[in-house]
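Listed below are the residues making up each chain.
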Amino acid sequence: MKILAGRAHTGLAERIAKAAGTELCGAEISQFPDGEIFVKITENIRGRDVYIVQPTSFPPNENLMELLIMIDAAKRASAKRITAVLPYYGYARQDRKDQPRVPITAKLVANLLVAAGTNRLLTMDLHAQQIQGFFDIPVDHLYAAPVIVKYLREKTPDNLVVVAPDTGGLKVAAAYADMLGAGVAVVGKERKSAEDVEATHLVGDVKGCNAVLVDDITSTAGTLVAAANLLVEAGAASIRAAVSHSLLNEKGVAKLNASPIEELVVTDSVPSRCDTGNKVKVLSVAELLADAVCRIQNDRSVTSLFNIT
Ligand code: R5P
């Protein structure tokens, strides 16, 4: 097999290759003065299984286009099978037509990946599980939960309650609560704009409990901080948060630092956009992804990767 890295997160791609016992496949990626991207794979990949690692995080359009060009290059270089490895699948939040005249961009991205030549997708913590159905090729969908739960078990105090910061996250919060032997609560959220979130209701008892907010993405930190403020009002003893994909910029980090959240646990599915300060703990999912790559390569089950040890 060959593991290729786009420029979105070469650090993670290197860690995946190392954990898989190999090195990154040679490739040159450059940009013309007008912004067009050029890719040249510098090793023979004829007849190989090629894994292209590229989270489509910030800047999403640039990273997505680069991925599509890499897939095209691999296809034209006669790769046998191309697996797009998206530790973070950007545009996943645009997964339904819930207003008139809006796109379903998560489906458009799926169409683009397949049209470019993707034979298989490996991804992690999709915003909605149903996005798997946008593909008619095999999709392996991993969860960061085994990595995050292991850390939380070691670091968090007893008397835990896992809190979903919006109703969409309730199922995931309930799964975390189950794994941690904790209670569960949910916050009702109203999004006023992309940057303005209001936490309106809290369902569940958090008084005197150590709360852990869990979510798939944090972008402006608005959702987490609004929920945390409500938890303080409801008498939570301490508040932590755990999120699979951190898209935080400096403004988001400042908001987090000024909030009652003591610690935010994230993964390295996407690179940090800025200095994330003292509150953010980054856990690596490189071994998890490498294990998945090796299992796919050897036609072995990936189910055991969902187990919490
Ligand atoms: C939305 O449904 C997602 O699960 C996240 O809650 C949301 O994307 C977080 O965004 P922000 O940090 O900007 O509030």
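Residues numbered from 1 in each chain as written. Predicted model: local features only at pLDDT ≥ 70, side-chain atom pairs only at ≥ 80, totals over all residues. Heavy atoms only, no water.

### With respect to helix 2 (residues 60–76)
Helix length check: helix 2 (17 residues) gives 24 Å between terminal C-alpha atoms against 24 Å at 1.5 Å per residue, within 8%. Considering only its buried residues, helix 2 is in contact with strand 1 (2–5), strand 2 (27–31), strand 3 (37–41), strand 4 (49–53), strand 5 (81–86) and helix 3 (105–116). Residue Ser78 follows helix 2 closely and has a positive phi angle near 70°. (Helix = DSSP H or I, 4+ residues; strand = E, 2+ residues; numbered from the N terminus. Expected span 1.5 Å × (residues − 1). Contact = heavy atoms within 4.5 Å.)

### A look at the domain arrangement of the protein chain
Each assigned domain of the protein chain is listed here: domain 1 (2–142 + 287–306) and domain 2 (145–284). For domain 1 versus domain 2, the separation of C-alpha centres amounts to 27 Å. If you look at the interface, domain 1 gives 15 residues, while domain 2 gives 14 residues. Around 1,300 Å² of area is buried between domain 1 and domain 2 when both sides are counted, 60% of it from carbon and sulfur atoms. Broken down residue by residue, the surface that domain 1 buries against domain 2 is led by Phe58, Tyr88 and Asp125, which jointly contribute 34%. Our count for the domain 1 to domain 2 interface comes out at one salt bridge. The partner of Arg15 in a salt bridge is Asp268, and the shortest N-O contact between them spans 3.1 Å. Counting every contact that joins domain 1 to domain 2 gives six residue pairs in polar contact (both at pLDDT 80 or more). (Domains from an automatic or database assignment. Buried area = accessible area lost by both parts, 1.4 Å probe. Salt bridge = Lys/Arg side-chain N within 4 Å of Asp/Glu carboxyl O. Polar contact = N/O pair within 3.5 Å; in protein donor to acceptor, adjacent residues only side chain to side chain.)

### Some points on the packing of aromatic side chains
Scanning the entire structure with this criterion turns up three aromatic pairs. Taking 6.1 Å as the distance between ring centres and 65° as the angle between the ring planes, the aromatic pair formed by Phe32 and Phe38 counts as edge-to-face. Both rings, one in Tyr143 and one in Phe306, keep their centres 5.3 Å apart while their planes meet at 75°; by these two values the pair is edge-to-face. One end of the pair, Tyr143, is in the loop between strand 7 (139–142) and helix 4 (145–155); the other, Phe306, is in the segment after helix 8 (286–297), and 163 residues separate them in sequence. The ring of Phe58 carries the charged tip of Arg273 above its face, separated from the ring centre by 3.7 Å. (Phe/Tyr/Trp six-rings, centres within 6.5 Å; stacked < 30°, edge-to-face > 60°. Lys NZ or Arg CZ within 6 Å of the ring centre and 35° of its normal.)

### Remarks on the side chain of Thr105
Position of Thr105 among the secondary structure elements: in helix 3. Apart from residues no more than four positions distant in its own chain, Thr105 is found in contact with Tyr91 and Gln94.

### So, the packing of helix 1 (residues 10–19) against helix 8
The N-to-C vectors of helix 1 and helix 8 enclose an angle of 55°; their axes lie 8 Å apart at closest approach. Considered as vectors, helix 1 and helix 8 are oriented oblique to each other. Crossing of helix 1 against helix 8: the hand is right-handed. Contact residues: helix 1 offers Leu12, Arg15, Ile16 and Ala19, while helix 8 offers Ala286, Glu287, Leu289 and Ala290. Residue classes in the contact of helix 1 with helix 8 are distributed as six nonpolar, no polar and two charged. (Axes fitted to C-alpha atoms, helices over the stretch in contact; angles between N-to-C directions. Parallel < 35°, antiparallel > 145°, perpendicular 65-115°, else oblique. Left-handed = near helix turned anticlockwise from the far one by under 90°. Nonpolar A, V, L, I, M, F, W, Y, C, P; charged D, E, K, R; others polar.)

### Overview of the site of the ligand
The local shell around the ligand holds 14 residues, among which Arg93, Asp215, Asp216, Thr220 and Thr223 are the closest. At 2.5 Å, a side-chain N or O of Thr223 approaches an oxygen atom of the ligand. A total of 380 Å² of accessible area belongs to the ligand in isolation, and the protein chains cover 91% of it. Counting only elements with at least two residues in the shell around the ligand, the list comes to strand 9 (183–193), strand 11 (210–218) and helix 6 (222–233). (Near = heavy atom within 4 Å. Areas by Shrake-Rupley, 256 points an atom, 1.4 Å probe, with all protein chains shown as cover.)

### Here we look at helix 8
In a regular helix each residue adds 1.5 Å, so twelve residues correspond to 16 Å; helix 8 covers 16 Å between its end C-alpha atoms and thus fits that length. Regarding helix 8, the residues found buried are Ala286, Leu288, Leu289, Ala290, Ala292, Val293, Arg295 and Ile296. On its buried face, helix 8 sits against strand 1, helix 1, strand 4, strand 5, strand 6 (120–124) and strand 7. In the segment just after helix 8, Asp299 is the residue with positive phi, at about 55°. (Buried < 20%, exposed > 50% of the residue type's maximum accessible area, 1.4 Å probe, protein only.)

### A short note on the sheet that holds strand 5
What the five strands build is an open sheet, ordered 1-4-5-6-7; its pairing is parallel. With one partner strand each, in any of the chains shown, strand 1 and strand 7 form the two edges of the open sheet. The sheet shows a mean angle of 20° between the axes of neighbouring strands, direction not considered. The sheet contact formed by strand 6 and strand 7 spans four bridges and is parallel. Across the sheet, the residue bridging to Thr123 is His141, located in strand 7. (Pairing = 2+ DSSP bridges.)

### Things to note about the packing of helix 2 against helix 3
Where helix 2 contacts helix 3, the axes come no closer than 8 Å and their chain directions differ by 25°. Looking at the two axes, helix 2 sits roughly parallel to helix 3. Of the residues in helix 3, those touching helix 2 at Leu64, Leu67, Leu68, Ile71, Asp72 and Lys75 are Val109, Leu112, Leu113, Ala115 and Ala116.

### Some thoughts on the sheet that holds strand 13 (residues 263–267)
The sheet built from seven strands is open, its strands ordered 10-9-8-11-12-13-14 with mixed pairing. A single partner strand is all that each edge strand has here, and the edge strands are strand 10 (196–203) and strand 14 (280–283). Within the sheet, the average angular offset between the axes of one strand and its neighbour, ignoring direction, is 25°. In the sheet, strand 8 (residues 160–164) pairs with strand 11 via four bridges, with the strands oriented parallel. Pairing of Val162 across the sheet is with Val212, part of strand 11. Where helix 6 meets the sheet, it contacts strand 8, strand 9, strand 10, strand 11, strand 12 (238–246) and strand 13, and its direction lies at approximately 40° from that of strand 10.

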